[in-house]
Structures are given as structure tokens and as C-alpha cells.
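Spelled out, the chains give:
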Amino acid sequence: MNKQIIQGILFFCSLLILSRLIPHPPNFTPLIAGAIFLPFLIKDKWLIILLPIFCLLISDFFLGFHTLMIWTYSAFLIIGIIAYSSSVCNLGLIIGQSLFSSTLFFLLTNFGVWLGSSIYTQDADGLLLCYFLALPFYSSTLLSTLIFSSLFYVSYNFIIQKRLNIFKNV
């Protein structure tokens, strides 16, 4: 990897980490969008899969470790594996992955909340209540993922177009 790619990855990771540390609405961060978009920035399979988890780990160091980390990190591991299979950067794919990844994150992490909580009964009714009460968090996750992944897509294509125009003028 060249120096510019490493600098770009460090900048991108810094933005993802910072997005969790600054005040923001609950679950409104670009982390899932970043995990979806990494395959278009780097080609290394393990970096694509593990970099979002590393960003979570660093930010959790400052925010505090919690009992749901296994569920949160597992969701990001699955999202990273799915994102790695992406080969074409088109808006339809990005939006589809945003919908799927946000939903996967919601289902997996709230299952962990239900499983480890004494607030909810440990039956189907308790699970449904847990999911129902978490819907505002889901809408925030979904909205932020759609907004940030679209923003990453537009920025990425703008940069690509700029590069092409620079080479046309040479």
C-alpha cells in the first residue's frame, strides 16, 4: 500500500471514530455506511472486514466497554463480509446494502439486548416488545446509513471524475 492510501484509510477511520465520540442523536453515525463503502476504497479482505471493528474498539475504549459488544461487533463482522463481496460501486447496490445492513444490525443487537436483559420476558412477546421499543433507534440507524453511504458514493464518484478530468487535460 502506498502512503496516500494509508493516509486515506487513517483519515477515514478517524472520521468514523470521531463520529461516535462527538455528540450525536442515538445510533446516528456513519459506521455502517463506512463498513459498506470500504471495499471501494481498499482491496485487502481483512482490512475491509476488520477496520470497522477496530474503529468500534477504539471508540469504545473512550466511551466505555459494554455487555452488547459481542452482538455489535458480530453485526459489523457480518456486514464487513457482505461488503467484501461487493464488486461494483453503484448507487442501487449501496442503498440495498444500507437497508440490509441497518436491518441486520437492528435485529442482531436488539436480540442481544433481549437475551441479556431482565426488563423483557424471555419469550416471543418479550422479544417483540424489545424490537418494538427499539424502532426509533432503527429509524436513526437506517437514516444515517442511507445518508452517509449516499454521501460517500457521491464524494467517491466526484473524486473519480476529478481524476479522470485531470488525466484528460494532460
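See above for the structure.
Throughout what follows, the structure given in this document is the object of discussion.

What counts as what
- Residues numbered from 1 in each chain as written.
- Predicted model: local features only at pLDDT ≥ 70, side-chain atom pairs only at ≥ 80, totals over all residues.
- Heavy atoms only, no water.
- Helix = DSSP H or I, 4+ residues; strand = E, 2+ residues; numbered from the N terminus.
- Buried < 20%, exposed > 50% of the residue type's maximum accessible area, 1.4 Å probe, protein only.
- Areas by Shrake-Rupley, 256 points an atom, 1.4 Å probe, with all protein chains shown as cover.
- Lys, Arg positive; Asp, Glu negative; His and termini not counted.
- Charge placed at Lys NZ, Arg CZ, Asp CG, Glu CD.
- Phe/Tyr/Trp six-rings, centres within 6.5 Å; stacked < 30°, edge-to-face > 60°.
- Arc of directions from axis to C-beta.
- Patch = residues over 30% accessible without salt bridge, like charges linked within 9 Å, V, L, I, M, F, W, Y side chains within 5 Å.
- Salt bridge = Lys/Arg side-chain N within 4 Å of Asp/Glu carboxyl O.

Quick notes on the overall build of the protein chain
Per the secondary structure count, the protein chain includes seven helices and zero strands. With the C-alpha coordinates aligned to their principal axes, the bounding extent of the protein chain is approximately 65 × 30 × 30 Å. Sorting the 170 residues of the protein chain into buried and exposed places 39% on the buried side. Of the roughly 10,000 Å² of accessible surface on the protein chain, 73% is carried by carbon and sulfur atoms. Distance between charge centres in the protein chain, computed from 7 positive and 4 negative side chains, equals 31 Å.

Considerations on unusual backbone geometry
At N27, a position not held by glycine, the phi torsion is positive, near 65°. Structurally, the position occupied by N27 is in the loop between α1 (3-21) and α2 (31-37). Exposure remark for N27: the relative accessible area of 32% places this residue in the partly exposed category.

Digging into the packing of aromatic side chains
In this description, a pair of aromatic rings is defined by centroid distance and the angle of the planes. This structure, assessed with the given rule, holds 11 aromatic pairs. Ring centres of F37 and Y156 lie 5.4 Å apart, and the angle between their planes is 80°; on these two criteria the pair is classed as edge-to-face. Of this pair, F37 sits in helix α2 while Y156 sits in helix α7 (residues 135-168), and the two are 119 residues apart along the sequence. Owing to a relative accessible area of 2%, F37 belongs among the buried residues under this scheme.

Things to note about helix α6 (residues 124-133)
Looking only at α6, the buried set comprises G126, C130 and Y131. Buried positions in α6, seen along its axis, are confined to an arc of 135° and lie on one side of it. Away from the buried face of α6 by more than 90 degrees, exposed residues A124, D125, L128 and F132 are located.

Focus on a nonpolar patch on the surface
On the surface, L18, L21, I22, L57, F61, F62, L63 and F65 cluster together into a nonpolar patch covering about 810 Å² of accessible area. Along the chain, the position of L21 falls in helix α1. Judged by its relative accessible area of 36%, L21 falls in the partly exposed class.

Overview of the pattern of salt bridges
According to the stated counting rule, one finds one salt bridge in the structure shown. Across the pair R20 and D60 runs a salt bridge whose closest N-O atoms are separated by 3.0 Å. One end of the pair, R20, is in helix α1; the other, D60, is in helix α3 (residues 45-63), and 40 residues separate them in sequence. For the pair formed by R20 and D60, the shared burial category is buried.

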